[in-house]
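# Examining the three-dimensional arrangement
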Amino acid sequence: VQLQASGGGLVQAGGSLRLSCAASGSTSRIAAITWYRQAPGKQRELVAAISSGDSTNYADSVKGRFTISRDNAKNTVYLQMDSLKPEDTAVYYCNTGGWIPAFKLNSWGQGTQVTVSS
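Calculation rules
- Residues numbered from 1 in each chain as written.
- Predicted model: local features only at pLDDT ≥ 70, side-chain atom pairs only at ≥ 80, totals over all residues.
- Heavy atoms only, no water.
- Helix = DSSP H or I, 4+ residues; strand = E, 2+ residues; numbered from the N terminus.
- Rg over C-alpha atoms; globule rule 2.2 N^0.38 Å.
- Buried < 20%, exposed > 50% of the residue type's maximum accessible area, 1.4 Å probe, protein only.
- Areas by Shrake-Rupley, 256 points an atom, 1.4 Å probe, with all protein chains shown as cover.
- Lys, Arg positive; Asp, Glu negative; His and termini not counted.
- Charge placed at Lys NZ, Arg CZ, Asp CG, Glu CD.
- 1 Å grid on protein atoms, 1.4 Å probe; cavity = no way out; pocket = protein on both sides within 12 Å on 5 of 7 lines; lining within 4 Å.
- Points joined across faces, edges and corners; volume = space filled by probe spheres on them.
- Nonpolar A, V, L, I, M, F, W, Y, C, P; charged D, E, K, R; others polar.
- Core = buried A, V, L, I, M, F, W, Y, C linked by side-chain atoms within 4.5 Å.
- Contact = heavy atoms within 4.5 Å.
- Disulfide = S-S within 2.5 Å.
- Pairing = 2+ DSSP bridges.
- Axes fitted to C-alpha atoms, helices over the stretch in contact; angles between N-to-C directions.
- Salt bridge = Lys/Arg side-chain N within 4 Å of Asp/Glu carboxyl O.

## Some points on the overall build of the protein chain
- A count of helices and strands for the protein chain gives zero helices and ten strands.
- Reading the secondary structure of the protein chain in the N-to-C direction produces β-β-β-β-β-β-β-β-β-β.
- Rg of the C-alpha trace for the protein chain: 13 Å, near the compact-globule value of 13 Å for 118 residues, within the 12% margin.
- Overall size of the protein chain, expressed as C-alpha extent along the three principal axes, is 40 × 30 × 25 Å.
- Sorting the 118 residues of the protein chain into buried and exposed places 43% on the buried side.
- Element-wise, carbon and sulfur atoms account for 44% of the exposed surface of the protein chain, whose accessible area totals about 6,200 Å².
- Side-chain charges of the protein chain comprise 11 positive and 7 negative groups, with the mean position of each set lying 5 Å from the other.

Below you can see the structure in the form of structure tokens.
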């Protein structure tokens, strides 16, 4: 299964964006899908993950502001980002495998740029 992230853009602080992670195959067969992000000069970090049973994990920095969800009928996982802050500016990626640090993953699709202006 290949994943493609989309939906990024430029938004003012306090605004919202919804990212999409579209799978080439059925998301219902994927154990977990995870969102990561990488800001300039920083390591790629975990943001949010959702399991096949819809349990979720969030980084402390986004709890209460971001919501991850999945629509298996559309083979898509979403990341709803509200109350955005300039420090959320990064390239966002999605991947499979659950709450796993980025350095343990070897294959990445193209990310989507999110820029939050102050």
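## Brief notes about the layout of surface pockets
- In this model, the largest pocket occupies a volume close to 190 Å³.
- Around the largest pocket, the lining residues are Val1, Gln2, Leu3, Cys94, Asn95, Thr96, Leu105, Ser107, Trp108 and Gly109.
- Per-element tally for the lining of the largest pocket: the top contributor is strand E9 (residues 90-96), with three residues.
- Its residues assigned to classes, the lining of the largest pocket comprises five nonpolar, five polar and no charged.

## Describing the nonpolar core
- Core analysis: the biggest nonpolar cluster contains 28 residues, and Trp35, Val47, Phe66, Ile68, Leu79, Met81 and Tyr92 have the highest contact counts within it.
- Setting aside chain neighbours within four positions, we find Phe66 in contact with Arg37, Val47, Tyr58, Leu79, Gln80, Met81, Asp82, Leu84, Asp88 and Tyr92.

## Considering the state of the cysteines
- On inspection of all chains with the given rule, the structure shows one disulfide.
- Across the disulfide, Cys21 is cross-linked to Cys94 (sulfur-sulfur distance 2.2 Å). Between Cys21 and Cys94 the disulfide shows an S-S torsion of about 85 degrees. By sign, it is right-handed. Residue Cys21 is located in strand E3 (residues 17-23), and its partner Cys94 is located in strand E9; the two are separated by 73 residues in the primary sequence.

## Topic: the sheet that holds strand E10 (residues 112-117)
- Taken together, the six strands give an open sheet; going across it, the order is E2-E10-E9-E4-E5-E6, and neighbouring strands pair in mixed fashion. Since the sheet does not close on itself, it has two edges, and those belong to strand E2 (9-12) and strand E6 (56-58), each with one partner. Across the sheet, the axes of successive neighbouring strands diverge by a mean angle of 20 degrees, strand direction being ignored.

## Describing the pattern of salt bridges
- Applying the stated rule across the entire model yields four salt bridges.
- Glu45 serves as the salt-bridge partner of Arg37, at 2.7 Å between the closest nitrogen and oxygen.
- A relative accessible area of 6% means that Arg37 is categorised as buried.
- Across the salt bridge formed by Lys63 and Asp60, the nearest N and O atoms sit 3.2 Å from each other.
- You can call Asp60 exposed: its relative accessible area is 66%.

None of this, on its own, says anything about what the molecule does.
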